[in-house]
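Now for the letters of each chain:
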Amino acid sequence: MAALDPVLQKVLEVVPFQLTTDGGPEPARRRFADLPRSPVLPEVQAHDRSIDGPAGPIAVRIYRPPSEDAVLPVVVFIHGGGWTVGDLDTYDGQARMHAAGAHAVVVSVDYRLAPEHPFPAAVDDVWAATQWVAAHAADLGADPGRLAVAGDSAGGNLAAVMAQLARDAGIPVRFQLLWYPSTTFDTSLPSFNENAHAPILDLASCKGFSRWYVGDLDLSAPPATLIPARGDLSGLPPAYIAVAGHDPLRDDGMRYAELLTAAGVSVQVHNAETLVHGYLGYAGIVPAATEATDRGLAALREALG
């Protein structure tokens, strides 16, 4: 396995961080929220609004890059954080990067979080938001025929689920951008052992956050809305799957890419061998993370025309 990127290594020494369930959900959220973040891309306009959801209002934040074009593509962006941490504010920078990088309107979704709201609350909220975006794209100055879903980690899981639900509902999704997603829940894959003690996310945390999200669900026959790798993958939109060498989820994303390819879906895979889970958060700071992020956003921009 390639060595950890030396610039990233220095950053992690200065600002150490580990995604962990230690202490419960609220301390986990505080640790994540307290990470230093620099404002990025202030020229991207953003405004908050509320839409109807299955259990009450859902907050969304709508981003628009500076553009001469009256009508832009639209991306539903779903934040990560083990289905437990993260919100519109902590992912503001990443949503802005997607808007600028894809030259698209981006709708970031503040879905309900586990363990207080276990599966399928997040799926229900993001699906409601995806349907709303498809129905109201024109009101946002966006083209409903150029709709994509994007998400990182747990958000990658939810984005993969949205691609399947949208196909079944006849909503045209043109592309799915999955950053180091959780798709199989199969911890027997080699990377879970190789990266059991990796920076940012380790095996114990993968298991802990998954337990919080699954709740009391009987896993003897898990639905595809929980584990997208178990779904019918035929007829899905093209995918870009980004994984990282020092991430327990590396082989999970690669396995999903293999399954999509076997189902006849066009897939691009990029393994950032020297990086860790969550590398989007280091774009603009660590050159290798910037390059890997730009690569995925370029694929999204190209797919949306």
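Given the structure is predicted, the values throughout are model-derived calculations rather than measurements.

**What about the UniProt feature "active site" (unreviewed entry) in the protein chain?**
- Those residues carrying the UniProt feature "active site" (unreviewed entry) are Ser153 in this numbering.
- With respect to the secondary-structure elements, Ser153 resides in the loop between β5 (142-152) and α5 (154-169).
- Every residue in contact with Ser153, bar those within four places of it in the chain, is listed here: Gly80, Trp179, Tyr180, Pro181, Ser182, Leu249 and His277.

**Remarks on the packing of aromatic side chains**
- Scanning all chains against the criterion turns up nine aromatic pairs.
- A centroid spacing of 5.9 Å and a plane angle of 35 degrees characterise the contact between Trp83 and Phe185, whose relative ring orientation is tilted. With Trp83 in the loop between β3 (72-78) and α3 (92-102) and Phe185 in the loop between β6 (175-179) and α6 (190-194), the pair connects residues that are 102 residues apart, well separated along the chain.
- A residue is classified by how much of its surface remains accessible, and Trp83, at 3% relative accessible area, is buried.
- Owing to a relative accessible area of 25%, Phe185 belongs among the partly exposed residues under this scheme.
- Among the aromatic residues, those joined into a cluster by ring pairs are Phe17, Phe32, Phe77 and Tyr91.

**Let's talk about the sheet that holds strand β4 (residues 105-110)**
- The eight strands lie next to each other as β1-β2-β4-β3-β5-β6-β7-β8, forming an open sheet whose pairing is mixed. The outermost strands of the open sheet, each flanked by one partner alone, are β1 (45-51) and β8 (267-276). Going from strand to strand, the sheet's axes swing by 20 degrees on average, the running direction of each strand aside.
- Pairing geometry for β1 and strand β2 (residues 58-64), over seven bridges, is antiparallel. Across the sheet, the residue bridging to Asp48 is Arg61, located in β2.
- Across the face of the sheet, helix α8 (residues 250-262) comes into contact with β6, β7 (239-246) and β8 while running at roughly 150 degrees to β7.

**Quick notes on the pattern of salt bridges**
- For the structure on display, the rule yields 12 salt bridges.
- In this structure, Asp92 and Arg96 form a salt bridge, with 2.7 Å as the shortest nitrogen-oxygen distance. Taken together, the residues Asp92 and Arg96, both in helix α3 and four residues apart, mark about one turn of the helix.
- The class of Arg96 is buried, set by a relative accessible area of 13%.
- Across the salt bridge formed by Glu258 and Arg255, the nearest N and O atoms sit 3.1 Å from each other.

The rules behind these values
- Residues numbered from 1 in each chain as written.
- Predicted model: local features only at pLDDT ≥ 70, side-chain atom pairs only at ≥ 80, totals over all residues.
- Heavy atoms only, no water.
- UniProt positions renumbered as here; feature names shortened; annotations may be inferred.
- Helix = DSSP H or I, 4+ residues; strand = E, 2+ residues; numbered from the N terminus.
- Contact = heavy atoms within 4.5 Å.
- Phe/Tyr/Trp six-rings, centres within 6.5 Å; stacked < 30°, edge-to-face > 60°.
- Buried < 20%, exposed > 50% of the residue type's maximum accessible area, 1.4 Å probe, protein only.
- Pairing = 2+ DSSP bridges.
- Axes fitted to C-alpha atoms, helices over the stretch in contact; angles between N-to-C directions.
- Salt bridge = Lys/Arg side-chain N within 4 Å of Asp/Glu carboxyl O.

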